[in-house]
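Take a look at the letters that make up each chain.
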Amino acid sequence: MSTYYAGLLADVGILLLGALSVYIILATGQLSLGNAGFMGIGAYLSSYLTVTVGIPLTLALVIAAVTAGAIGVIVGFPALRLNGIYLAMATLGFGEMVRSFFLNLSPMGGSEGFHGMQHISNGYIWSWASAILLLVMILEHSQVWLEMRAVRDDETAAGLVGLNTTIIKVGAFGFAAAVAAVSGGLFAHHHLYIEPGNFSFERSIDFVLAVILGGSTVSPGALIGALLLVMLPEYLRFLAEWRFAAFGALLIAMLLLRRQGILDRSLFRAFALRRPA
């Protein structure tokens, strides 16, 4: 595999984690447009710990994930009062607040960015991506995920049958923030340079698009969406300056023809029924 395609494959793994962070929150019926902010926290904190403090990367990623998860819980509590577009706008504001914070944080380079990280391999990136994807897939078959889906389907009814909807929604925010932070840490140590613009609103939109395109009801949909968002523009290069227009047209056509995304639970059920006993 060439260095160029190896880089694209690494970007798929990083985007997969960002998409999973959105997918986890969507499972409770909430939409976050601020996950790029948690990604930025993970990127800057893990980079500071490895470059300045000298902590091993794996430990730095764990610390960044725990820190971002705690911040996610703090953000999740006031977000409980909001729904729909209001929640999306509030999380968007949080993401921009984080970006502005790092833009003015001189010890981390401010607008000039931060560098000095050691490069990581594709194997390391995909070890994290595969492990977290597997963890989410296991979680999907647990009682916890059933409770999350119950909150998404009808929060009032879920509360009436005894579910603690506050803990479920806030927990989803915390878990998603931790996953996004790991994505940011891997991004920083793959690209070896970060600046606040790497974690803007557009990054959060990429996460959401990957989930919507790949399938918002099953976690492997995030993998399919990440692959398409990274790889498809490259295979449209023969269209030259029209390739992004063609990519946008394909996205629109996909959403019109299959709103649930490429993968959904019905496909998994059909596959299970076709397997020999």
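The coordinates are above.
This report concerns the structure included in the present document. (Residues numbered from 1 in each chain as written. Predicted model: local features only at pLDDT ≥ 70, side-chain atom pairs only at ≥ 80, totals over all residues. Heavy atoms only, no water.)

Counting secondary structure elements, the protein chain contains 12 helices and two strands. Helices and strands in the protein chain line up, N terminus first, as α-α-α-α-β-α-α-α-α-β-α-α-α-α. Computed over its C-alpha atoms, the radius of gyration of the protein chain comes to 19 Å, within 12% of the 19 Å expected for a compact globule of 277 residues. Overall size of the protein chain, expressed as C-alpha extent along the three principal axes, is 50 × 45 × 35 Å. Counting the 277 residues in the protein chain, one finds 47% classified as buried. Within the protein chain, contacts between residues separated by at least 24 positions form 79% of all contacts whose residues are at least 6 apart in sequence. Counting only carbon and sulfur atoms, one obtains 68% of the accessible surface of the protein chain, whose full area is about 13,400 Å². Within the protein chain, the 14 negative side-chain charges are centred at a point lying 9 Å from the centre of the 14 positive side-chain charges. (Helix = DSSP H or I, 4+ residues; strand = E, 2+ residues; numbered from the N terminus. Rg over C-alpha atoms; globule rule 2.2 N^0.38 Å. Buried < 20%, exposed > 50% of the residue type's maximum accessible area, 1.4 Å probe, protein only. Contact = heavy atoms within 4.5 Å. Areas by Shrake-Rupley, 256 points an atom, 1.4 Å probe, with all protein chains shown as cover. Lys, Arg positive; Asp, Glu negative; His and termini not counted. Charge placed at Lys NZ, Arg CZ, Asp CG, Glu CD.)

For the pair helix α3 (residues 57-79) and helix α8 (residues 165-191), the least separation of the axes is 6 Å and the interaxial angle reads 145°. In terms of crossing hand, the pair formed by α3 and α8 is right-handed. Between α3 and α8, the contacting residues are Leu-57, Leu-61, Ala-64, Ala-65, Ala-68, Gly-69, Gly-72, Val-73, Gly-76, Phe-77 and Ala-79 on the first element and Thr-166, Val-170, Phe-173, Gly-174, Ala-177, Ala-178, Ala-181, Val-182, Gly-185, Leu-186 and His-189 on the second. Classifying every residue of the contact of α3 with α8 by side-chain character gives 15 nonpolar, seven polar and no charged. (Axes fitted to C-alpha atoms, helices over the stretch in contact; angles between N-to-C directions. Left-handed = near helix turned anticlockwise from the far one by under 90°. Nonpolar A, V, L, I, M, F, W, Y, C, P; charged D, E, K, R; others polar.)

This part covers a nonpolar patch on the surface. A cluster of nonpolar side chains, contributed by Leu-59, Val-62, Ile-63 and Val-66, occupies part of the molecular surface with about 320 Å² of accessible area. By the element assignment, Val-62 lies in helix α3. Relative accessible area serves as the criterion here: at 39%, Val-62 is assigned to the partly exposed category. (Patch = residues over 30% accessible without salt bridge, like charges linked within 9 Å, V, L, I, M, F, W, Y side chains within 5 Å. Salt bridge = Lys/Arg side-chain N within 4 Å of Asp/Glu carboxyl O.)

What follows is about the nonpolar core. Core analysis: the largest hydrophobic core is formed by 76 residues, its most contacted members being Leu-16, Leu-17, Leu-20, Ile-132, Leu-186 and Ile-194. Aside from chain neighbours lying at most four places away, what touches Ile-194 is Ala-43, Tyr-44, Ser-47, Gly-113, Phe-114, Met-117, Phe-187, Ala-188 and Phe-199. (Core = buried A, V, L, I, M, F, W, Y, C linked by side-chain atoms within 4.5 Å.)

Our focus in this paragraph is the pattern of salt bridges. Tallied over the full model, the rule gives three salt bridges. Ionic pairing is found between Glu-96 and Arg-99, a salt bridge with its closest N-O pair at 3.1 Å. Note that Glu-96 and Arg-99 are positioned in helix α4 (residues 84-103) at a spacing of three residues, about one turn of the helix. The exposure class of Arg-99 is partly exposed, given its relative accessible area of 24%.

The subject of this paragraph is α8. The end-to-end C-alpha distance of α8, which contains 27 residues, comes to 39 Å, matching closely the 39 Å that a straight helix rising 1.5 Å per residue would cover. Positive backbone phi, at 70°, marks Leu-192, one or two positions downstream of α8. (Expected span 1.5 Å × (residues − 1).)

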